[in-house]
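Single-letter residue listing:
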Amino acid sequence: MHATREALRLRQRLAARLRPLALSIVLIIGLGLPLTYYALDGYAGGDHARLYALTGGLVFISAVVAAVLALLVYRVPMVTVTAMEQSMETLIAEQQSLVEAGRVLAGTLDLREVLDRLTGAARALPGVDVVRIWLCDETSGEYVLHSEAGVRDAAVRYVTRLAPGTGLIGRVLSARRPLTIVDMQADAAAVNREWLASEGLVSYLGVPLLLDDVAVGALAFMARRPQAWSAADVALAETLGTLAAVTIRNARLFAQSEARRRAAEGLAATGRAISQGLDLDEIGERIAESARTLLAAESAGLYRLEPRSGDLVSVAVSGDAGDLAPRTFILPRGTGAAGLAIQERRAVVTPNVLADRRITLRADVRARIEAANFRAVLAVPLQVKDRVVGALAVGARAGRVFEKNDIELAQALADQASLALENARLFREATRRRREAEQLARVGRMLTETLDMTAVGQRIVDSLLPLFGAHSSGLFLIEGAGAPTAVAWGGAARDHWNVGEALHDRASVAALAIASGDPAWSRDILADPRLALPEPIRRRVLATGDRAALAAPLRAKGAVIGALVLADRIPRDFAVAEVELVQALADQAALALENARLYARAQRAYAELTEAQAQLVRSETLRAMGELAAGVAHHLNNLLAVVLGRIQLVIPKTEAPEARRDLALAERAALDGADVVRRMRGFSRGYPAPSLVAVDLSRLATEALELTRPRWSDEAVARGVRIETTLEVGTVPAVAGEPAALREVLVNLIQNAIDALPAGGRIGLRTWATGESVHCAVSDDGIGMSPEVQRRAVEPFYTTKGVRRTGLGLSVGYGILRRHGGDLTIESTEGRGTQVTLRVPLTSLIDVPVTVPAVPAAHPAVGHLTVVVVDDEPEVRRVIAELLEQQGHRVVQAADGEEALHRVDASVDLVLTDLSMPGMSGWDVARDVKTRWPWLRVGIVTGWAEALGADPGHRSVADFVIAKPVTGAALRTAIAQAGIAPRN
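Residues numbered from 1 in each chain as written. Predicted model: local features only at pLDDT ≥ 70, side-chain atom pairs only at ≥ 80, totals over all residues. Heavy atoms only, no water.

A. Spotlight on the overall build of the protein chain. The helix and strand inventory of the protein chain stands at 26 helices and 29 strands. Considering the protein chain as a whole, with its 984 residues, one finds that 47% of them fall into the buried category. Sequence separation of 24 or more characterises 64% of the internal contacts of the protein chain that already satisfy a separation of 6 or more. Accessible surface for the protein chain amounts to roughly 48300 Å². Of this, 56% is attributable to carbon and sulfur atoms. (Helix = DSSP H or I, 4+ residues; strand = E, 2+ residues; numbered from the N terminus. Buried < 20%, exposed > 50% of the residue type's maximum accessible area, 1.4 Å probe, protein only. Contact = heavy atoms within 4.5 Å. Areas by Shrake-Rupley, 256 points an atom, 1.4 Å probe, with all protein chains shown as cover.)

This is the structure we're talking about:
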């Protein structure tokens with residue numbers, strides 16, 4: 001109301017002054033018109049039209065001037081009053097905005113809230129669209145955007161930090177006075193042009209924020225329409241800036257006071273907390289948590305310095321740090337803000353660790369930080385007596401400015417952390433040494449409790465895991481000149497690696513340790529250029545998860561006998577103390593392993609000696625039984641020779657059919673008995689195969705399996721059981737042997753396997769070759785043998801099958817293999833089956849002349865010969881003589897060799913002598929006969945096996961050999977094959 005009255009009084013004063021002026025102008029115009037008319041009349045020269053036109057124009061002009069004067073008298077005061085009223089209203093609104101801003105700013109002392117409220121209040125001023133507040137960074141001097149209001153598109157990126165003296169803010173702060181720009185997009189100093197264009201901002205007004213004549217920041221007003229900022233606008237902006245500066249100072253002082261109070265309380269609490277324990281992990285977690293809380297950061301991390309590598313290994317992390325977790329994160333030497341702080345031994349502050357050119361980040365570390373929620377970083381070194389032991393780092397979101405008091409607080413916390421970590425380290429070191437001593441003592445006791453190589457190896461690798469906190473462990477040993485092989489695995493490696501695997505060259509730190517004789521380690525075996533890991537091994541390493549590895553050589557008696565290995569999941573370097581401890585354990589393990597190895601060798605030697613003794617006993621037993629069998633066969637052959645000869649002599653003389661039939665049956669029984677005796681003779685020692693040819697053992701196995709098909713297929717099906725057979729024949733070289741005899745052995749073994757499967761099962765044949773022998777194994781999954789049966793299996797006449805078998809199967813087979821220079825082994829377990837393996841050597845045997853078959857083919861008559869028959873057994877001698885006489889020969893009998901030599905003369909065509917006689921043997925008789933009468937033919941008749949295996953010196957003096965019992969047909973064939981013709 002007061003303003004309205006002042007406006008009316010002003011209008012009245014203006015009207016009073018303008019009215020006399022208007023009346024004077026009207027009077028002048030009215031009095032001057034006649035004079036003007038006459039003057040114009042003279043100018044018109046009597047032309048009335050022209051005169052009227054000039055007069056009318058003058059009158060019109062006078063009227064316009066009068067009207068204007070009237071308006072000035074009545075209207076001008078009113079317009080002036082209206083403009084002043086609007087100005088007063090604007091002034092009142094501005095004053096009210098200032099009052100509201102002061103009230104709002106006075107409501108809080110939180111700096112961020114103060115700034116946000118200030119930009120909101122300034123945004124309400126007429127003609128203002130966007131308001132920003134920039135503050136100077138006390139540490140770097142940069143201009144940092146702290147608050148803004150009125151922005152429409154927050155997605156457009158823009159610069160939030162400016163170097164000192166740059167941008168429009170730099171001009172405001174450098175000049176320390178307001179700056180107005182109508183078109184700031186045309187100004188060369190403007191930055192964020194893309195953002196300005198996106199927001200459509202044109203005009204700019206900036207004022208400095210001054211405290212005690214010190215510029216602490218700037219307040220920027222921007223409009224989207226061109227605007228010429230008036231002095232009143234500038235004055236208002238300055239007033240608002242002064243108010244903001246005072247409020248900012250108060251908020252900062254309050255924040256600093258609160259920060260100091262919280263810091264003091266936090267430092268005290270942290271000191272109490274870390275002084276109450278000596279566990280490094282627990283202390284690290286408390287320090288990291290205190291740092292994050294006291295510095296109001298998003299995350300905090302505590303790192304220990306690895307002295308040898310210079311890397312920083314995380315001890316504890318507090319807050320949300322993405323993938324930067326304890327015990328899995330390593331900052332390589334000199335990288336990251338923490339690494340830079342250690343190098344420069346001072347605090348390092350960066351608003352964006354990813355964009356700071358001072359800070360080096362490895363690719364994987366950068367990727368981890370990009371995944372985390374912090375960018376601004378403050379890092380301070382941890383020092384103890386001028387020795388850097390680690391670093392403390394805190395991270396905050398982008399835009400956070402760590403000020404001087406933050407740095408001081410972080411350094412104070414770092415000083416406490418340094419002492420606490422050093423005490424914890426010393427405590428851990430003392431505890432580690434005590435634990436290592438105890439562990440070494442325990443390992444020593446444990447390793448001396450057993451001498452079993454497998455148990456010792458497993459105990460060694462298992463003891464590494466708790467001692468070093470390792471993820472995997474392994475033990476390799478060198479046997480002879482071979483490659484190192486795995487003896488035992490511990491930890492995760494047990495599920496991915498096998499015992500007995502050979503160690504690949506350059507594929508393990510164990511190979512490096514064995515080659516050099518010194519400890520070897522790798523911080524990352526997948527990236528180590530010294531190691532050439534084949535792709536299969538690389539895949540298994542990835543599956544195991546092991547990355548770092550340490551290997552110590554096992555040394556015994558000045559030689560490296562293997563290596564001991566431990567592995568960890570994280571790439572890391574191993575401390576000197578760890579290397580020394582592993583080597584100490586390796587030396588202790590080497591002694592235990594060498595003792596176990598010597599014990600194992602002694603055990604093997606003892607077992608081999610025991611087996612050799614048992615084998616010797618078995619061999620001697622078999623030799624004795626073979627000799628017994630040979631002796632029995634000799635005597636039985638003599639008896640059967642008499643029986644069979646007499647029967648053959650009687651048959652031609654008998655005419656009665658019934659008697660001839662009975663004699664034929666007796667002859668058949670005698671021949672069967674001779675066959676049994678022949679099999680007994682085959683068991684005797686030193687009886688080689690009579691005819692040696694190249695034999696393919698794989699082919700014989702195939703033939704034997706096919707020959708026995710009726711039993712394991714047809715007969716088994718008839719019994720209602722199923723027997724499956726498998727044949728695995730290898731490519732084997734030929735051996736020297738008798739195919740029929742070896743085939744008989746295989747057939748007998750298959751028959752035995754069928755008998756061992758009363759309820760059905762599986763029979764397998766397999767052949768293979770080794771360096772000097774060919775092998776064939778016949779196996780079944782049947783009833784098996786007891787140890788007693790297995791021990792006596794090759795004894796002649798021993799059987800578990802009752803009257804169904806003679807018991808000569810395995811014994812005869814054993815004899816056949818023995819005379820081939822091979823042997824036969826049996827492996828059997830009751831209820832689980834049996835495997836019989838025969839071995840035939842590749843070395844050639846002595847070429848033996850073919851013996852006369854028991855049933856020879858017919859030969860033409862050779863004429864009547866004079867034959868001297870020599871035998872110490874009268875009945876045998878008479879039977880042979882009568883058989884020869886029956887064939888038309890003249891026979892002279894002699895009871896021994898000397899008598900025979902007296903009876904031989906030039907008329908004799910053949911000397912047929914027994915081999916085993918008192919005095920002169922059959923070989924002696926043959927030799928003397930050949931010496932005196934080289935042209936005379938000599939034949940040997942024997943029931944002993946030695947004749948067939950005689951050495952060439954003996955065999956050369958005899959023209960043929962006939963096995964007892966002798967038959968007429970055998971005599972006829974032998975004489976015919978010898979080509980003997982009568983001399984007379």
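Still more ground to cover, so stick around.
B. Molecular detail of the pattern of salt bridges. On inspection of all chains with the given rule, the structure shows 34 salt bridges. Note that D755 is salt-bridged to R711, the shortest N-O span being 2.9 Å. You can see D755 sitting in helix 19 (residues 739-755) and its partner R711 sitting in helix 18 (residues 709-718), a full 44 residues away along the chain. Assigned by exposure class, D755 and R711 land together as buried. A salt bridge links D823 to R839; its shortest N-O distance comes to 3.4 Å. Separated by 16 residues along the polypeptide, D823 in strand 23 (residues 823-829) and R839 in strand 24 (residues 833-841) bring together distant segments of the chain. Residue class for R839 comes out partly exposed when judged on its relative accessible area of 23%. When salt bridges that share partners are traced, they join R646, E875, R878 and E882 into one network. (Salt bridge = Lys/Arg side-chain N within 4 Å of Asp/Glu carboxyl O.)

C. View of a nonpolar patch on the surface. A surface patch of nonpolar side chains, amounting to about 340 Å² of accessible area, comprises L628, V632, L636 and L639. With respect to the helices, strands and loops of the structure, L639 is situated in helix 15 (residues 576-650). On the accessibility criterion, L639 (56% relative accessible area) is exposed. (Patch = residues over 30% accessible without salt bridge, like charges linked within 9 Å, V, L, I, M, F, W, Y side chains within 5 Å.)

D. Quick peek at the nonpolar core. Among the nonpolar cores identified, the biggest contains 38 residues, and I723, L746, L749, I750, I763, L765 and L838 are the most heavily contacted of them. Listing elements by their share of this core, those giving two or more residues are helix 17 (697-707), helix 18, helix 19, strand 21 (761-769), strand 22 (773-780), helix 21 (809-819), strand 23 and strand 24. Sorting elements by how many residues they give to this core places helix 19 first, with nine residues. Those residues in contact with L765 that sit more than four places away from it in its chain are A701, L705, T726, L727, E728, I750, A777 and V778. Core analysis: the second largest hydrophobic core is formed by 31 residues, V456, F468, V582 and A596 among them. (Core = buried A, V, L, I, M, F, W, Y, C linked by side-chain atoms within 4.5 Å.)

E. Main features of the sheet that holds strand 17 (residues 559-568). Taking strand neighbours across the sheet as the criterion, the five strands line up as 14-13-17-16-15 in an open arrangement whose pairing is antiparallel. The open sheet has two edge strands with one neighbour each: strand 14 (485-491) and strand 15 (520-522). Shown here is a sheet whose adjacent strand axes are inclined to one another by a mean of 15°, direction ignored. (Pairing = 2+ DSSP bridges. Axes fitted to C-alpha atoms, helices over the stretch in contact; angles between N-to-C directions.)

F. Broad picture of the environment of G127. Relative to the assigned elements, G127 resides in the loop between helix 4 (111-123) and strand 1 (130-136). Expressed as a C-alpha distance, the spacing of G127 and M222, which sit 95 residues apart in the sequence, is 8.7 Å. Apart from the residues lying within four places of it in its own chain, the contact partners of G127 are A223, Q227 and W229.

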